Amino acid sequence: MKVSVRVPATSANIGPGFDCLGLALPLYNEVTVEETVMPGSGIEINIIEDNETYDVLSVPKDENNLAYKAIELLYNFIGQSVSDIKITIKTNIPVARGLGSSASVIVGGLIAANELLGRPADEKVLLSIASEVEGHPDNVAPAILGGFCVSSIENDGSVSYSKIEWPSEWKLTVLVPDYELDTSIARSVLPEKVSIKDAAYNVRKCAMLIDAVYRKDSELMKLSLKDKLHQPYREDLIKGFRELSEYLENKEDILGCVISGAGPTILIISKNDGFHRVQNEVDKILSDLNVECDIRTFNIENEGTKVI
């Protein structure tokens, strides 16, 4: 028996919501888990690359694979050891670009294995295991649930979340560059301590952002997409981010420009066809900086992970 699931890409942080805000995008990885029929065959992990633009050679094919780690925790939860198992990951989400590729394989392996085992784990357990492997819930919550999510890991390891309806007229444009940025590097440039002033600034902006989404308030959203906890430290790692942010600051129907997750993908939030009116200028800015990007505009993915 085998089970396949489709998991969406995600964009985390959304400016001020460091490690707690995320949304799902209609780019997908597909993960298949099956128990092999030959006893003693061990672990088999196959990576099938849907898009040859993105290098997946760095994805582990042993016990260090994130999908396997999540599956192992699920088996431990029900008091079993992982049997001989085959995992197939069909990738279309770029690796090390800030679009939740790691979260997608964690969630994919976990939910596929949970189905294979007869659903012993409920949503609460799945969120907790996925967040334990990923380290934070900002990507795994929207990967599982879809849409725009606010999430937090509590002291007992459980995950609290709220899913808020995203305005249908707000479009999401990702600028995916042709280079990788390892999350560990993007985290290494962050300071160990920040000032009360900067922390309070982000609390205000994050609260404004959540209210703006809830009330579908475009003007408030423009004011809220600011950050002092991670983007100022990461922008030198992301070619074109500073220049695009300055150019788009006061453009009509452009609500904001933020780093997607740890980067290097840039996320632009616009109203209706706002991005299309500035795309030529964006292309020129990137071209002048010798930055090649795959540019795509989406509606939000509201369904999350699906068994297929």
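Everything quoted here is computed from the prediction, not taken from an experiment.

A.B. asks: Hey, could you run me through helix α3 (residues 123-134) in this one?
C.D. replies: Because an α-helix packs 3.6 residues into every turn, residues spaced three or four apart end up facing the same way. Across its 12 residues, α3 extends 16 Å between first and last C-alpha, which sits within 8% of the 16 Å expected from 1.5 Å per residue. Burial in α3 covers these residues: Val125, Leu126, Leu127, Ile129, Ala130, Ser131, Val133 and Glu134. For α3, the elements touching its buried residues are α1 (66-77), α2 (101-116), α4 (140-145), β5 (148-153) and β6 (159-164). Downstream of α3 by a residue or two, Gly135 has a phi angle that is positive, lying close to 105°.

A.B. asks: Would you explain the packing of α1 against α3 in this entry?
C.D. replies: In helix packing, the relevant descriptors are the interaxial angle and the interaxial distance, both defined with respect to the helix axes. As a packed pair, α1 and α3 sit with axes 10 Å apart at the nearest point and diverge in direction by 135°. Compared by their axis directions, α1 and α3 come out oblique. Note that α1 runs across α3; the crossing there is right-handed. Together, Leu66, Lys69, Ala70, Leu73, Leu74 and Phe77 of α1 and Val125, Ile129, Glu132 and Val133 of α3 make up the contact between the two elements. Among the residues making up the contact of α1 with α3, the classes are represented as eight nonpolar, no polar and two charged.

A.B. asks: What am I meant to see in helix α10 (residues 274-288) here?
C.D. replies: The end-to-end C-alpha separation of α10 is 22 Å, in line with the 21 Å expected for 15 residues at 1.5 Å each. Taken together, the buried positions of α10 are occupied by Gly274, Phe275, Val278, Val282, Ile285 and Leu286. A positive backbone phi angle near 60° is found at Asn290, which sits one or two residues after α10.

A.B. asks: Teacher, can you tell me more about a nonpolar patch on the surface here?
C.D. replies: A grouping of Ile185, Val189, Val194, Tyr233 and Leu237 is seen on the molecular surface, where their side chains present a nonpolar patch of about 350 Å² in accessible area. Tracing the backbone shows Tyr233 in helix α8 (residues 231-234). Given a relative accessible area of 32%, Tyr233 falls into the partly exposed group.

A.B. asks: Teacher, can you tell me more about unusual backbone geometry here?
C.D. replies: Only a minority of non-glycine residues have a phi that is not negative, and only a minority of peptide bonds are not trans. With an omega dihedral of 10°, the bond running from Gly263 to Pro264 counts as a cis peptide bond. The residue Pro264 is located in the loop between β8 (254-259) and β9 (266-271) in this model. Phi angles above zero are rare outside glycine, and Ala96 is one such case at about 55°. Not every positive phi belongs to a glycine, and Lys216 is a case in point at roughly 55°.

A.B. asks: Could you clarify how one ought to interpret the nonpolar core in this entry?
C.D. replies: One recurring pattern in soluble globular proteins is that nonpolar side chains are buried together. If you look at the biggest cluster of nonpolar residues, it comprises 39 residues, and the most contacted ones within it are Val5, Val33, Ile71, Ile87, Ile89, Val107 and Leu110. Looking at this core, the elements with two or more residues in it are β1 (2-12), β2 (21-35), β3 (43-49), α1, β4 (85-91), α2, α3 and α4. With nine residues, the top contributor of residues to this core is α2. Sequence-distant contacts of Val33, that is, excluding residues within four places in its chain, are made with Met1, Lys2, Val3, Ile71, Ile85, Lys86, Gly109, Ala112, Ala113 and Leu116. Core analysis: the next-biggest nonpolar cluster, separate from the first, contains 29 residues, Leu21, Trp170, Leu255 and Val258 among them.

A.B. asks: Even after reading the chapter, I still don't get the sheet that holds strand β7 (residues 170-177), so can you show me in this structure?
C.D. replies: Strands pair in a sheet through their backbones, by hydrogen bonds, and they do so in one of two ways: parallel or antiparallel. Taken in spatial order, the four strands of this open sheet run β8-β9-β7-β10, and their pairing is antiparallel. Each having just a single partner strand, β8 and β10 (293-298) make up the two edges of the open sheet. The average angle at which neighbouring strand axes cross in this sheet is 15°, direction not considered. Sheet topology places β7 next to β9; six bridges connect them, and they run antiparallel. Residue Leu175 lies in a different strand from β9, and its bridge partner there is Ile266. Strands in contact with α10 are β7, β8, β9 and β10; relative to β10, the strand with the most contacts, it is inclined by about 170°.

A.B. asks: How do you make sense of the pairing of β9 when you look at a structure like this?
C.D. replies: Moving residue by residue along a regular strand, the side chains alternate between the two faces of the sheet. For β9, a buried count of five out of six residues is recorded, marking the element as mostly surrounded by other parts of the structure. Pairing geometry for β8 and β9, over five bridges, is antiparallel. Along β9, the bridge assignment pairs Ile254 with Ser270.

A.B. asks: Explain the packing of α1 against α2 here, please?
C.D. replies: Where α1 contacts α2, the axes come no closer than 7 Å and their chain directions differ by 40°. Overall, the two elements α1 and α2 adopt an arrangement that is oblique. For the pair α1 and α2, the crossing hand works out as right-handed. Where α1 approaches α2, its residues Leu66, Ala67, Ala70, Ile71 and Leu74 are matched on the opposing element by Ser102, Val105, Ile106, Gly109, Leu110, Ala113 and Asn114. For the contact of α1 with α2, the per-class residue count stands at nine nonpolar, three polar and no charged.

Each value, and the rule that gives it
- Residues numbered from 1 in each chain as written.
- Predicted model: local features only at pLDDT ≥ 70, side-chain atom pairs only at ≥ 80, totals over all residues.
- Heavy atoms only, no water.
- Helix = DSSP H or I, 4+ residues; strand = E, 2+ residues; numbered from the N terminus.
- Expected span 1.5 Å × (residues − 1).
- Buried < 20%, exposed > 50% of the residue type's maximum accessible area, 1.4 Å probe, protein only.
- Contact = heavy atoms within 4.5 Å.
- Axes fitted to C-alpha atoms, helices over the stretch in contact; angles between N-to-C directions.
- Parallel < 35°, antiparallel > 145°, perpendicular 65-115°, else oblique.
- Left-handed = near helix turned anticlockwise from the far one by under 90°.
- Nonpolar A, V, L, I, M, F, W, Y, C, P; charged D, E, K, R; others polar.
- Patch = residues over 30% accessible without salt bridge, like charges linked within 9 Å, V, L, I, M, F, W, Y side chains within 5 Å.
- Areas by Shrake-Rupley, 256 points an atom, 1.4 Å probe, with all protein chains shown as cover.
- Salt bridge = Lys/Arg side-chain N within 4 Å of Asp/Glu carboxyl O.
- Core = buried A, V, L, I, M, F, W, Y, C linked by side-chain atoms within 4.5 Å.
- Pairing = 2+ DSSP bridges.

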